[in-house]
Amino acid sequence: MANRIDVREWPAAGGVARPRAFDRMAASLAPKPALRADMEGARRAASVGAAIAIEGVSVRFKRRAVEVVAVKDVDIRIRPGEFVALLGPSGCGKSTLLNAIGGLIAPTAGSVTVDGRGVREPSAACGFVFQHHSLFPWMTARANVTFGPKMLGYARADEIARELLALVGLEKFADAYPNQLSGGMQQRVGIARALATRPPVLLMDEPFGALDAQTRSIMQEELLKIWSEFKTTVVFVTHDVDEAIFLSDRVFVMRAAPGAIKEEIAIDLGRPRLPDVMASAKFGALRKRVKALIRHESMKVFEAG
Ligand code: ADP
Ligand code: MG
């Protein structure tokens, strides 16, 4: 089989050994040949993002005898190709809701569908980018990006990686290992990797939260450029008010304990959007409104200890 996954393509390197568990995982994921042509065709065809329907979603966790309602009765409909932010103070349930959308957590009640298909487990429909990069440390940037497409059996994996690393401005760093890259570069590789299988949905959990202010601002602008090219539906989690407004079509402000949607705010700023917009009166008014909502929720979290 020409496309068979061979883990020896990714030798222990970059100062980090390749774990055995990875070999087992790679072996168990080796794609069926029949799937390949279809999936790659789907990748080319997918030029718009998926619609997401979150209906009556609640997530409860039990910690010893204590039950935490992390997310309660959330209903959101997201249009194909829309960019939405989930905004709220730390601990209000943003990550839990995002993980439920991506199938990493099963909701206790309600359902999530992506283009009408029920989400029950993680799938190629949703790409994830987390706050701390989750790149394979023993693989080069290029290998990290080709990994997903190879797992899915795409014949053009190397070409896809070349395109995407160029898109995030890292073509010169394709052979670098994650620990040789700055935090901003690691997140760029993470975005390239998440997009490499051309998912119709991109789920981002505070992806720029660990970056310095300058890098963060550049990354936000870059993300909007990439999004305008890929037309992927993006759900972006942040606790940064300016970041949420700058990036999004709609901002969902969450209330804490239990996590629910407090208010939905349409961001009627034009696109393409440049950082200058943050100095505009319209942006200022949105910021003021959102900050008042957030402050109220943060006080509640603070007082609850
Ligand atoms: P955010 O991302 O907004 O900071 P989270 O979604 O991580 O918030 O958490 C929401 C609430 O759910 C918090 O009270 C948190 O402690 C709780 N929680 C999150 N994950 C778990 C878990 N696996 N088990 C128990 N409680 C959890
Ligand atoms: Mg979180």
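Keep in mind that what you see is a predicted model, and the values were worked out from it rather than measured. (Residues numbered from 1 in each chain as written. Chains lettered and ligands numbered in written order. Predicted model: local features only at pLDDT ≥ 70, side-chain atom pairs only at ≥ 80, totals over all residues.)

Peer 1: Go over unusual backbone geometry with me, naming the residues and quoting the values.
Peer 2: At the junction of Ala 257 and Pro 258, the peptide bond is cis and its omega measures out at 0° in the coordinates. With respect to the helices and strands, the residue Pro 258 is situated in the loop between strand 9 (250-255) and strand 10 (260-266). With an omega of -5°, the peptide bond between Arg 271 and Pro 272 qualifies as cis. For Pro 272, the position within the fold is in the loop between strand 10 and helix 9 (281-304). In the Ramachandran plot, Asp 115 falls in the positive-phi region, its phi being about 50° despite a non-glycine side chain. For Asp 115, the position within the fold is in the loop between strand 4 (109-114) and strand 5 (117-118). At Glu 206, a position not held by glycine, the phi torsion is positive, near 45°. Within the secondary structure layout, Glu 206 lies in the loop between strand 7 (201-205) and helix 7 (213-230). (Helix = DSSP H or I, 4+ residues; strand = E, 2+ residues; numbered from the N terminus.)

Peer 1: Give a detailed account of the packing of helix 4 (residues 141-151) against helix 6 (residues 183-195), specifying residues and quantitative values.
Peer 2: Interaxial distance between helix 4 and helix 6 falls to 7 Å at its minimum, and their mutual angle equals 25°. Classified by the angle their axes make, helix 4 and helix 6 are roughly parallel. In the packing of helix 4 onto helix 6, the handedness of the crossing is right-handed. Note on element contacts: helix 6 touches helix 4 through Val 189, Ala 192 and Arg 193, opposite Ala 141, Asn 144, Val 145 and Gly 148. Residues belonging to the contact of helix 4 with helix 6 are distributed by class as follows: 4 nonpolar, 2 polar and 1 charged. (Axes fitted to C-alpha atoms, helices over the stretch in contact; angles between N-to-C directions. Parallel < 35°, antiparallel > 145°, perpendicular 65-115°, else oblique. Left-handed = near helix turned anticlockwise from the far one by under 90°. Contact = placed C-beta atoms within 7 Å. Nonpolar A, V, L, I, M, F, W, Y, C, P; charged D, E, K, R; others polar.)

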